[in-house]
Each structure stands twice: as C-alpha cells, then as structure tokens.
Amino acid sequence: MSSEAITVESRPRPGSHGARLFVHQLRGEQLVFWRSREAALFIFLFPLLLFLLLGSVYSGKIYGVPASQALLAGLIGYGCANTSFAGLAIQLVIRRENAILKRLRATPLPAATLVAALLVSTLLVFALQTVALFLMGSVLYSTPFPSDVASLAAAVVVGSAVFAALGVATSTFIRSAEGSSAVVNFILLPMAFLSGAFGPTLHYPAFLKAIGDVLPLKYFIDIVNTVYLRGDAIWTKPLDLAALLAWGVAGLVIAVYRFRWEPTSS
Amino acid sequence: MSAISVSGLRKSYGSLEAVRGVDFEIEEGEVFGLLGPNGAGKTTTVEILEGYRSRDDGAVSVLGHDPQSPGPDFRQRIGVVLQQSQLWPNLTVRETHAMFAGYYEHPRSVDEVIELVGLAEKRDARTKTLSGGQKRRLDLGVALVGDPDLVFLDEPTTGFDPAARRAAWEMIRSLRSLGKTVLLTTHYLDEAEQLADRVAVLREGRIVRVGTPRELTTSDLEVEIHYHRNGEEVVVTTTEPTRVLHELTADALARGEELDHLEVRRPTLEDVYLALTEEDAEA
C-alpha cells in the first residue's frame, strides 16, 4: 500500500450492510463493463472471434484430440488472460489516472468491497465467456461439454484469480491511460502465442518452447487441457497448479506493495 | 462549534515544505475560502483534511474526527470535489448519481440532486457527452448525493467560461442555504469575494491573512488619493484618508485651485492579495 495510505476505517456495521454494498458495487461494475463497447468487444467477443477463425483453419488432431477441442482449451486460456489480466489492468490504469479511484476513496465504500466487487465482476465475465466458448464449440464444431464440470469451474476461478493478481501488478507499472492497452497487449499476445493459446506449440523451436514453458498461461492451459481434453480432475496436476499459484502470489505481492490510488502525475 | 479546526499543520514532500504551520477554524455553516497562487499549499492542506494525506505535524479535527484515522461516519458526512477527476464515461448522469448514492446510508434523492446541480435535461446522457462545465456539475452532484454536512471544493471553476462560472457560483451559494459547511480553494479573487464568508490567503505554505473579504480590503492597505496638479498625476497614500483629504482640499481652496481628477481609491481584494503574495518580490 502507498505510504500515504490512510488506515482503512473499521466498520462496525452489520454484515447485511456490507453485503448490500458489495451487491451494489458488483452491479455497478457489471454496468460499467457492458456499457463500454470497447470492453465488450475486445474483452468478451475477441476470444470467441478467434475461436471462429482458428477453428475453421485447423483440422485433424492436436494432442490426440480433434483440433477444435484443443483450440477451445487454448482459447479458454487466452480468454482468462485477456479478461482477468489485460482487461483488469487497462481498467485499473484508466480509473487510477482519471482519479476515479481517488474519488471513490473519499466515499464510505470500503477498499476491500471495491476490490472484491471488481474481482468477482471480472470472474463473472470470464465464466460467461467460457460458457459461450463451449456453446459455440458445440454448435459449430461439435466439441463436447466438459465431463468434470467442478474441476473446470475450479480452474476458471483459480485462473481468473491468478491473472487478476498479475493484472493489478502490471497496472502499477503503467503510467498513462492512453498507453495502457498497448503495453498490456504487448505482454498478452506473445504470452498467448508462446503458451499455445492459438494452437499447438509442438513444432516451435526449442528456445521459444523454453520461454513458453515458464509462463503462467502455459500452466493454466495445461490444467485446462488436463481437465477438459483428458477428463482428469484438477488436482491430478499439482505441479502445474503450484507453478500457476506461485505466479499469482508473486503478482499479489507486487500488487499490494506497489498499488496506488492516485494518478501518477499528482 | 467548529466544523474544522487546524493548528500548527505541517507537511513536506522530501525537501519541499508544502505546508509550514497553518492554523484556522471553520464554523459550521460557514463558506471558507482558501486563496493563494499555485503551489501555495492549498490542495495539500485540503487533501490532509479530506483524509488523502498524512500530516507531518500539527493537530487537525474535521467534524470531530482526525482525518488520518477517522471513525466510520466520517466519509458519510463529507462530500469531495477534486481538482481533476473523471467519472465512468459510459454511465448516464442518473446512473452515476445512483452509483454514489448507494455508498451512503442516508442519501438524498438522486433526481432532486440532479435538479439542484442543473443537469435535469442531461439525466439520461452518458457522462462522456457532457461539456466541461456540465462535468463539473456532475462532480458537485455526486459530492452532494450523500447529503454531507461538509463539502470540499478544490478549484471548482478552474477552466470555466464566465457564464459557467456564474452558474457554479449560484450552486455554491445554494449550498450555504442548505446549511452546509463549505471549504473552497481558489486562485480567483472574485470567486473568493463573491462566495466566501471568510478568506485565508495562503502563501508559500503559510497563512498570511484571515478575515472576511471586507475586512481584508478595509483594514489592511493604505488608501490612495489621486489628483492632477499642473497636468501631472499626484498620488498620496495614507491610512488617514479623511485628514489628508481635508488638508488637500483646504490647501486647494486657499489657493483658489481646482483638484483635477480627484479620486479616492480603496484597495480591492486583488490589491490586498497581490500585496500579500508578492511581498518577496518587493523586498
């Protein structure tokens, strides 16, 4: 937290008041997200559009399963990074630089409620996107629905949390709202490419694979592959899960240490 | 009872001493103006009172709270208009007010507030379509929607055209009639003169004068008496204009002369302000 941060006031309010505030803010966040044509288009629709394009390009088998299924798993990974990492980072930079965050600090809305509502709102968008990807795959490419829905849901929640932490961390390094989209995509697109979000990485040169193998998206896509393509439970990949969570913790530490409420210029 | 009381307030940023020992009291229901050039410490002072910044030294009480560690109702009772902020561009005026209203336990009616700040016609417009003046009114509206007792206005009319400024002044006057305490910062003298019950002039982190606009303009500076003699302008400055004027006119009568272009000038707030804030330049 900022050295200027003022202690978060204690709130001796009944739980129902806190819950009411959370629901109010969550509804507000959803309204803010869907009202923005750019967000709805680039964050929500873009992974679906990529699935449509890549699905009609690739055929045959990838990883021993029909290509469309492997692409679906990869694009869930891209959707996760796009929504929770890129979308959240861009939104946070814009809000910080336009002093929306600073303005909200002067209201009785507790910081924890604001953060919780923003994270849950992001998770909701990504969960809806995942459902849309499965529906689209089922209709266009006859891909099956996941057999272990609970494991997939767990993967969606964990992935969203990890990439949100990385998104908040990244937002602290971006100094202007205008540049935020460019900076974030400069990280996101190579990461997605190297992690196999847009297709298999089997034929990549060794050094590209070596880079891809340490990226958080690679671990997340491996987990989705395990759960969706092979029908195994999420805990059958403890090392992938641990590596993914380590990225999340690193992001969280940076986020907490560097987070600022106020515009960079002030 | 004081709404705000500040004594010995100090704040530095690194080696820059932004606020160097500031004292003032603001009564409940008072409109108080902090006046000073850019960099005088106005915004730093206000942001300490709003709870954004910690102070290095001094005692501060705002509505009975220490803003550095306020009780839970502190933010229920203050409204803030920042010097620069934008709200969510794609929400409408009404949605934006409703969003803020939801943060407070006892908000005012959203439609009433929109009416009060003169945005009724723009109720359903997205905030990104508002003009600069309308955006400022939106800022004021969301600051009032929680029905605060104390409103902070940091340079509320900077960048306004004259008509928009007049409209904003009317709104700020209406806050007084609602019984709100208002702390206003400005670098416009006419604004302080028009709106504030009392004004503190800030220079280089210190208050150099506090008083009503009238006190500042009557007590402080010498009065200037201008007249022409042999075609040349003569200026006499004095703290005793009645006596000096009597002597001048008596002399002129005795010589049978007319004092051409005779004029007595009281200092304007601008003269006082410039004298207070430019002492260094003259010294």
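Please read all numbers here as calculations on a predicted model, not as lab measurements.

**Focus on the interface of chain A and chain B**
Stage number 1. Listed per partner, the contact involves 23 residues of chain A and 28 residues of chain B.
Stage number 2. Where the side of chain A that touches chain B is concerned, the elements lending two or more residues are helix 1 (15-35) and helix 4 (100-105) of chain A.
Stage number 3. When residues in the side of chain A that touches chain B are grouped by element, the largest group, five residues, is from helix 1 of chain A.
Stage number 4. Of the residues in the side of chain A that touches chain B, the class split is nine nonpolar, seven polar and seven charged.

**A closer look at the confidence of the model for chain B**
Residue and element names in this part refer to chain B.
Stage number 1. When pLDDT is averaged along chain B, the result is 88; 96% of the residues meet or exceed 70.
Stage number 2. Looking over chain B, one finds the lowest element-wise mean pLDDT in helix 11 (residues 279-282), namely 50, and the highest in helix 3 (residues 93-101), namely 97.
Stage number 3. Reported confidences for the modelled complex are a pTM of 0.85 and an ipTM of 0.88.

**Quick notes on the sheet that holds strand 3 (residues 31-35) of chain B**
All names here are of chain B.
Stage number 1. Within the open sheet, the six strands sit side by side as 5-6-7-3-8-9. Their pairing is mixed. Each edge of the sheet is formed by a strand with only one pairing partner; in this case those strands are strand 5 (78-81) and strand 9 (206-211). Each strand of the sheet is rotated relative to its neighbour by a mean of 15°, with strand direction disregarded.
Stage number 2. Two strands pair when backbone bridges link them, and strand 3 and strand 8 (residues 198-203) are joined in this way by four bridges, in the parallel orientation. Considered in strand 8, the bridge of L34 is made with A200.
Stage number 3. Contacting strand 3, strand 5, strand 6 (150-154), strand 7 (181-186) and strand 8, helix 1 (residues 42-50) crosses the sheet at an angle of about 150° to strand 7.

**Some details on helix 9 (residues 216-229) of chain A**
Residue and element names in this part refer to chain A.
Stage number 1. In this model, helix 9 (14 residues) spans 19 Å end to end at C-alpha, consistent with the 20 Å of a helix rising 1.5 Å per residue.
Stage number 2. Within helix 9, 13 of the 14 residues are buried, which leaves it mostly tucked inside the rest of the structure.
Stage number 3. Positioned one or two residues after helix 9, G231 has a phi angle of 70°, which is positive.

**What to know about the sheet that holds strand 12 (residues 260-265) of chain B**
Adjacent strands of a sheet form backbone hydrogen bonds with each other and so pair up, either parallel or antiparallel.
All names here are of chain B.
Stage number 1. The strand order across the open sheet formed by three strands is 11-10-12, and the pairing between neighbours is antiparallel. What marks the edges here is a single partner per strand, and that holds for strand 11 (232-238) and strand 12. Direction aside, the axes of adjacent strands within the sheet are offset by 15° on average.
Stage number 2. For strand 10 (residues 223-229) and strand 12, the ladder comprises four bridges, and the chain directions are antiparallel.

**Observations concerning the pairing of strand 7 of chain B**
Where a strand is regular, its side chains alternate between the two sheet faces.
All names here are of chain B.
Stage number 1. The element strand 7 is extensively covered by neighbouring structure, given that six of its six residues are classed as buried.
Stage number 2. Residues T181, L183 and T185 point to one face of strand 7 and V182, L184 and T186 to the other, with burial holding for every one of them.
Stage number 3. Here strand 3 runs beside strand 7; their pairing, made up of five bridges, is parallel. Across the sheet, F32 pairs through a bridge with L183, a residue of strand 7.

Reading the values: the criteria
- Residues numbered from 1 in each chain as written.
- Chains lettered and ligands numbered in written order.
- Predicted model: local features only at pLDDT ≥ 70, side-chain atom pairs only at ≥ 80, totals over all residues.
- Contact = placed C-beta atoms within 7 Å.
- Helix = DSSP H or I, 4+ residues; strand = E, 2+ residues; numbered from the N terminus.
- Nonpolar A, V, L, I, M, F, W, Y, C, P; charged D, E, K, R; others polar.
- pLDDT = per-residue confidence, 0-100.
- Pairing = 2+ DSSP bridges.
- Axes fitted to C-alpha atoms, helices over the stretch in contact; angles between N-to-C directions.
- Expected span 1.5 Å × (residues − 1).
- Buried ≥ 20, exposed ≤ 12 C-beta atoms within 10 Å, placed from the backbone.

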